[in-house]
Amino acid sequence: LGDLAAADALYEAVRARDPGSVGALLGLAAIYVLQDRQADAVDLLSEAEQIEPGNALVLNNLAAVHFRLAQRASSDPEAQPHVERARTLFQAVASLEPRMPEPRAGLAEVYSFVGNHERALAEIERAVFLDPRCAYRAARAQALYDNRRVREASAAADEVLLECPDETVALGAKAALLLDRG
């Protein structure tokens, strides 16, 4: 990681000069996420959303932070509002920017988290169609595995690992497949 304190100071300097700087709010929110200050990141991103309501990057980042909060929640009732907010925001971004793969991948994570594996697979396949990078294809392999489509999952994981041998999601999917065979 870079110098978070210096970056933080610069973003704060930008905010002091231009309180409506969405770029500074996005930068500070990213720093807060790295510092495991998700609630503070939500506050900044919510402020950015008020300044630029239809900004897809702001909404996508806000959705991602809400999803992190859902994953870290200690109970279902605590996670539920974050899951719903993340889902709603990712859907809004997907509508605003239909060619953007990130909200589709985010929706896949949300649906997988709540156990709707078929919907998760459909969303990650949309993300792969929009951008066939290894991370999305690896998530597709995991989604195939979650849907008990074992042969397809194995082939998909192998394909990703040939191109990107350090892709951790594909490695995890492959390990789960190997365990199932054992």
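Procedures and definitions
- Residues numbered from 1 in each chain as written.
- Predicted model: local features only at pLDDT ≥ 70, side-chain atom pairs only at ≥ 80, totals over all residues.
- Heavy atoms only, no water.
- Helix = DSSP H or I, 4+ residues; strand = E, 2+ residues; numbered from the N terminus.
- Expected span 1.5 Å × (residues − 1).
- Buried < 20%, exposed > 50% of the residue type's maximum accessible area, 1.4 Å probe, protein only.
- Arc of directions from axis to C-beta.
- Contact = heavy atoms within 4.5 Å.
- Salt bridge = Lys/Arg side-chain N within 4 Å of Asp/Glu carboxyl O.
- Phe/Tyr/Trp six-rings, centres within 6.5 Å; stacked < 30°, edge-to-face > 60°.

Enquirer: Explain helix H5 (residues 76–96) to me, and be specific about the residues and the numbers.
Expert: Working note: α-helix, 3.6 residues per turn, so residues spaced by three or four point in the same direction. Under the 1.5 Å per step criterion, the end-to-end length of H5 is 30 Å for 21 residues, consistent within 8% with the ideal 30 Å. For H5, the complete set of buried residues consists of Ala79, Val83, Ala86, Leu89, Phe90, Val93 and Ala94. Angular distribution of buried residues about the axis of H5 spans 140°; they occupy a single face of the element. Relative to its buried face, H5 has exposed residues pointing more than 90 degrees away, namely Pro77, Pro81 and Ser95. Structurally, H5 contributes buried residues whose contacts are with helix H3 (38–51), helix H4 (56–72) and helix H6 (101–113).

Enquirer: Give a description of the pattern of salt bridges that names residues and reports values.
Expert: Tallied over the entire structure, the rule returns 14 salt bridges. The partner of Asp131 in a salt bridge is Arg133, and the shortest N-O contact between them spans 2.5 Å. Take Asp131: its relative accessible area is 18%, and that puts it in the buried class. Residue classification places Arg133 among the partly exposed residues on the basis of a relative accessible area of 40%. One network of salt bridges, with partners in common, ties together Arg104, Arg119, Glu123 and Arg126.

Enquirer: I'd like a rundown of the packing of aromatic side chains, residues and numbers included.
Expert: Summed over all chains, the structure comprises one aromatic pair. On the basis of an interplanar angle of 80° and a centroid distance of 5.5 Å, the ring pair of Phe67 and Phe113 is categorised as edge-to-face. Of this pair, Phe67 sits in helix H4 while Phe113 is found in helix H6, placing the two residues 46 residues apart along the sequence. Since its relative accessible area comes to 38%, Phe113 is described here as partly exposed.

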